[in-house]
Amino acid sequence: EEENEAAAAAGGSPQSVPRLRAERCRLQGALLALASHFAQVQFRLRQVARAGPGEQQRLLRELEEFAFRGCPGPAPDEQEKQEQSEIQKEKQRELILQLKTQLDDLETFAYQEGSYDSLPQSVVMERQRMIINELIKKLDMDLSEDIATLSPEELRQRVDAAIAQIVNPARVKEQLVEQLKTQIRDLEMFISFIQDEVGSSGKAEDGDCECGSRKDGGSSSKPSTQPAGSRVNPEDARKLRETGLHLMRRMLAVLQIFAVSQFGCAAGQIPRTLWQKDQASKDYSPLIKKLELSVERVRQLATKHQQQDHVISPTDLQDTPLGGRDELTLAVRKELTIALRDLMAHGLHAPSQGMSLVLAPIACLLPTFTTSPQTMHPWELFVKYYNAKNGQAFVESPARKLSQSFALPVTGGVPVTPKQSLLTAIHTVLTEHDPFKRSADSELKALVCMALNEQRLVSWVNLICKSGALVQSHYQPWSYMANTGFESALNVLSRLSNLKFNLPVDLAVRQLKNIKDAF
């Protein structure tokens, strides 16, 4: 009450009472520290007065150091420490901002004076920021999230997807133009061939009287019984042939334009109507849903097994036939791999090579020559990638053979890149499964198990998705791969990246290998 009255008398409010109490406590602590310091000085002076001549000099030096050390203040509490830390951080931010401003001013002054060749850093950053903002607008990129929270790989994937949305249609148009040029050249060659055939047949007709009139090795001859007036004038025959060829050329050109514009088929390209017969719908949302469900199931099983410290070892797999009793292994091989296979197979086809380029302009209008597109397994994409990157020569290099024999690292401390690990994995799967004639599904399952064991499933699939030559030559423009770049599927698969697996890779060939070893 006395403090409240004192605060009211001093013109303060009752809310200032805690502050006054804190100040009084600090003053009392400072007074106590000062009295203690003064008492220690008196005690040291008394020691100096009573010491001998030899000790007085040393005690005086210690007294001097103690006196100039200052009076120790009271120990600050946690709140004061936090306030002091915030004040110090604010001062540091102000100092950094001030230093940046001074550095920008110094660079600007030096650039204006001519002693600094390059532009000031602030000007360069401002122009780069303007370029980046314009690129984001042009590419229609979604950067609603904070850029600082995204990893460099995620930023690179988003930029690649945005560029693919612009570049892929242009590439498709260029490919269509090249196909049209090829068809025109083939038509010209075909017309020249027809013209030569007609000319040679005309010559044969003109000489028929000589060949037909000879008999018995040409020993005797008969006069020709063909009336003279029935022969066609050579000039009229030439005009007739030119007129027929001109009409044929115009007809083929009109049919080609009509087929490309209405049916979308061209040389080396599968007609879109064929896919409508084989596929009831081009919607890939059910495939995405199927992949999400399989990933969620595998994630739950893997989390459960990790909590129980469950590791799939070869001895465990030998207790059950083919290791098929393990739920996690079954989920990975029969659900996750199948879902990934179906999504990668959306719009996937082998290049058509059985259709003649001469019949290509009117192939859409002739059901007789129309064939169904050749299907292609996603595992063949990995094999094509392996062959395109010369994977066998990479894996079977002498350095890698020696490293495998002596278990020594071949990279010299450099981390193995996803490309190198993918080529090695494909080589391992081919080496183990091809001698036993295993199916493409079995080899893809082995690759997925190996990718999960090495925590590289997303990076390996991403390498296939970013291979422009494979995507352009084996995927239709409306496919999920060509439209989205497999982005959402990679995000779904990334949910398994932080989980550790120890799945069997040679499950499809283990018994066959054991039988072979037994004999």
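About the cut-offs
- Residues numbered from 1 in each chain as written.
- Predicted model: local features only at pLDDT ≥ 70, side-chain atom pairs only at ≥ 80, totals over all residues.
- Heavy atoms only, no water.
- Helix = DSSP H or I, 4+ residues; strand = E, 2+ residues; numbered from the N terminus.
- Contact = heavy atoms within 4.5 Å.
- Areas by Shrake-Rupley, 256 points an atom, 1.4 Å probe, with all protein chains shown as cover.
- Axes fitted to C-alpha atoms, helices over the stretch in contact; angles between N-to-C directions.
- Parallel < 35°, antiparallel > 145°, perpendicular 65-115°, else oblique.
- Nonpolar A, V, L, I, M, F, W, Y, C, P; charged D, E, K, R; others polar.
- 1 Å grid on protein atoms, 1.4 Å probe; cavity = no way out; pocket = protein on both sides within 12 Å on 5 of 7 lines; lining within 4 Å.
- Points joined across faces, edges and corners; volume = space filled by probe spheres on them.
- Phe/Tyr/Trp six-rings, centres within 6.5 Å; stacked < 30°, edge-to-face > 60°.
- Buried < 20%, exposed > 50% of the residue type's maximum accessible area, 1.4 Å probe, protein only.
- Salt bridge = Lys/Arg side-chain N within 4 Å of Asp/Glu carboxyl O.
- Expected span 1.5 Å × (residues − 1).
- Arc of directions from axis to C-beta.
- pLDDT = per-residue confidence, 0-100.

(A) Highlighting the overall build of the chain. If you tally the helices and strands in the chain, you get 22 helices and two strands. Sequence-distant contacts in the chain: of pairs separated by 6 or more residues, those separated by 24 or more amount to 74%. Accessible area for the chain stands at about 34,300 Å²; split by element, carbon and sulfur atoms hold 56% of it.

(B) Up close: the packing of helix 12 (residues 327-344) against helix 17 (residues 440-454). Contact geometry for helix 12 and helix 17: axes closest at 10 Å, N-to-C directions at 100°. By the angle between their directions, the pair helix 12 and helix 17 is classed as roughly perpendicular. Packed against helix 12, whose contacting residues are V332, R333, L336, T337, I338, L340 and R341, the element helix 17 presents D441, S442, L444, K445, A446, V448, C449 and L452 at the interface. When its residues are assigned to classes, the contact of helix 12 with helix 17 shows nine nonpolar, two polar and four charged.

(C) Structural detail: the packing of helix 16 (residues 418-433) against helix 18 (residues 457-465). Following both chains from N to C, one finds helix 16 and helix 18 inclined at 90°, their axes separated by 10 Å at the closest point. Judged by the inter-axis angle, helix 16 sits roughly perpendicular to helix 18. Two secondary-structure elements touch here, helix 16 through P418, K419, S421, L422 and A425 and helix 18 through S459, W460 and L463.

(D) Main features of the layout of surface pockets. In this structure, the second largest pocket spans a volume of roughly 680 Å³. Around the second largest pocket, the lining comprises 30 residues; the ones closest to its centre are E154, Q157, R158, E487 and N491. The set of elements that each furnish at least two residues to the lining of the second largest pocket consists of helix 6 (152-206), helix 16, helix 18 and helix 21 (487-493). With seven residues, the top contributor of residues to the lining of the second largest pocket is helix 6. Residues of the lining of the second largest pocket, tallied by class, amount to ten nonpolar, eleven polar and nine charged.

(E) View of the packing of aromatic side chains. Under the counting rule described, the total for this entry stands at three aromatic pairs. When the centroid spacing of 5.3 Å and the interplanar angle of 65° are considered together, the rings of Y480 and F486 count as edge-to-face. Just as Y480 is buried, F486 falls in that class too. A network of ring pairs unites the aromatic residues Y284, Y480 and F486 as a single cluster.

(F) Summary view of the pattern of salt bridges. According to the stated counting rule, one finds twelve salt bridges in the structure shown. For E90, the salt bridge is made with R93, and the minimal N-O distance between the two is 2.7 Å. Note that E90 and R93 are positioned in helix 4 (residues 78-113) at a spacing of three residues, about one turn of the helix. Among the residues examined, E90 registers a relative accessible area of 37% and is labelled partly exposed. R93 gets classed as partly exposed once you look at its relative accessible area, which sits at 47%. When the shortest N-O distance is used, the salt bridge between D506 and R510 registers 2.7 Å.

(G) Spotlight on helix 3 (residues 53-68). For helix 3, with 16 residues, the first-to-last C-alpha span of 23 Å sits near the 22 Å given by 1.5 Å per residue. When helix 3 is considered as a whole, its buried residues turn out to be L59, L63 and F66. The buried residues of helix 3 occupy an angular sector of 65° when the element is viewed end-on, so they sit on one face. Seen from the open side of helix 3, the exposed residues pointing more than 90 degrees away from its buried face are G54, Q57, E65 and F68. Looking at the buried residues of helix 3, the elements they touch are helix 2 (17-50). Among the residues trailing helix 3, G70 stands out with phi positive, at a value near 95°.

(H) Looking closely at the side chain of S479. Among the secondary structure elements, S479 is positioned in the loop between helix 19 (468-474) and helix 20 (480-484). When neighbours within four sequence positions are excluded, S479 is seen to be in contact with H346 and G347.

(I) Examining the confidence of the model for the chain more closely. On average, residues of the chain carry a pLDDT of 75, and 67% of them reach 70 or more. Taken as a whole, residues 203-230 scores under 50 in pLDDT and shows ten contacts with residues more than four places along the chain or in a different chain. Note that pLDDT drops below 50 for residues 266-280; the model gives that stretch 37 contacts with residues more than four away or on any other chain.

(J) Main features of helix 4. For helix 4, which comprises 36 residues, the first-to-last C-alpha distance of 52 Å matches the rise-based estimate of 52 Å (1.5 Å per residue) to within 8%. G114 sits one or two residues past helix 4 and shows a positive phi near 95°.

(K) Looking closely at unusual backbone geometry. One non-glycine residue with positive phi stands out, namely N390, at about 55°. Within the secondary structure layout, N390 lies in the loop between helix 13 (378-388) and helix 14 (391-395). With a phi angle near 70°, F486 is a residue other than glycine that sits in the positive phi range. Secondary-structure assignment places F486 in the loop between helix 20 and helix 21. With a relative accessible area of 0%, F486 lands in the buried category.

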